[in-house]
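# An overview of the molecular structure
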Amino acid sequence: MKQIIAMIQAHRLEKVENALHQLPHLPGFTLFHAHGHPRGKGPQHGFIATEWNPDAHDCVVLMMFCTDEQMQVLIDTIRLAAHTGNAGDGLIAVSNVDSLVRIRTGERDDAAV
């Protein structure tokens, strides 16, 4: 099992949600509104004081759990829908999950997704 965390631009959320809802099996996801601080534009991505714009860094964090088999389709779907080609498009991180338990039913691991 995998955990996918994607940080995307807030204005791309609707497109990402619509793309995910088109999939034949969507394991569900949770959204967090966040305020990010991107890499700096100075040497070796150092921060330059003149580049700070507090209105430019709103983002959305999308978190989901999926089976190993679903992972690549979900990554590709999120990436294509979130892509603008501009700096700050976001990141997708994938982690292994040792165990998952659905609280309501007690289902475990892949059955809980």
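Located above this text is the structure these notes cover.
Our subject in this report is the structure included herewith. All of these numbers come straight from a predicted model, not from anything done at the bench.

## Focus: the environment of Glu14
Position of Glu14 relative to the elements: it lies in helix α1 (residues 13-21). Separated by 68 residues in the primary sequence, Glu14 and Ala82 have C-alpha atoms spaced 9.5 Å apart.

## A look at the pairing of strand β3 (residues 58-66)
Relative to β3, strand β1 (residues 2-9) is paired through 8 bridges, and the arrangement is antiparallel. The residue bridging Gln3 from the neighbouring strand is Phe65, located in β3.

## What to know about helix α2 (residues 68-82)
Between the first and last C-alpha of α2 there are 22 Å, a value that for 15 residues agrees with the 21 Å anticipated at 1.5 Å per step. Along α2, the residues classified as buried are Gln70, Met71, Leu74, Ile75, Thr77, Ile78, Ala81 and Ala82. Turning to α2, the residues buried within the fold contact β1, α1, β3 and β4 (90-96).

## A look at unusual backbone geometry
One non-glycine residue, Asp109, lies in the positive phi region at around 55°. Along the chain, Asp109 falls in the segment after β4.

## Considerations on the environment of Ala19
Along the chain, Ala19 turns up in helix α1. In this structure the C-alpha to C-alpha distance between Ala19 and Ala81, which are 62 residues apart in sequence, comes to 6.6 Å. Excluding residues that lie within four positions of it along the chain, Ala19 makes contacts with Thr77 and Ala81.

## Comments concerning the layout of surface pockets
Looking at the second largest pocket, its volume works out to about 200 Å³. A per-element tally of the lining of the second largest pocket places β3 first, with 3 residues. Residues that form the lining of the second largest pocket fall into these classes: 9 nonpolar, 2 polar and 1 charged.

## Topic: the side chain of Gln9
Here Gln9 shows up in strand β1. Look past the residues within four positions of Gln9 in its chain and what remains in contact with it is Thr84, Ala87, Gly88 and Asp89.

What counts and how
- Residues numbered from 1 in each chain as written.
- Predicted model: local features only at pLDDT ≥ 70, side-chain atom pairs only at ≥ 80, totals over all residues.
- Heavy atoms only, no water.
- Helix = DSSP H or I, 4+ residues; strand = E, 2+ residues; numbered from the N terminus.
- Pairing = 2+ DSSP bridges.
- Expected span 1.5 Å × (residues − 1).
- Buried < 20%, exposed > 50% of the residue type's maximum accessible area, 1.4 Å probe, protein only.
- Contact = heavy atoms within 4.5 Å.
- 1 Å grid on protein atoms, 1.4 Å probe; cavity = no way out; pocket = protein on both sides within 12 Å on 5 of 7 lines; lining within 4 Å.
- Points joined across faces, edges and corners; volume = space filled by probe spheres on them.
- Nonpolar A, V, L, I, M, F, W, Y, C, P; charged D, E, K, R; others polar.

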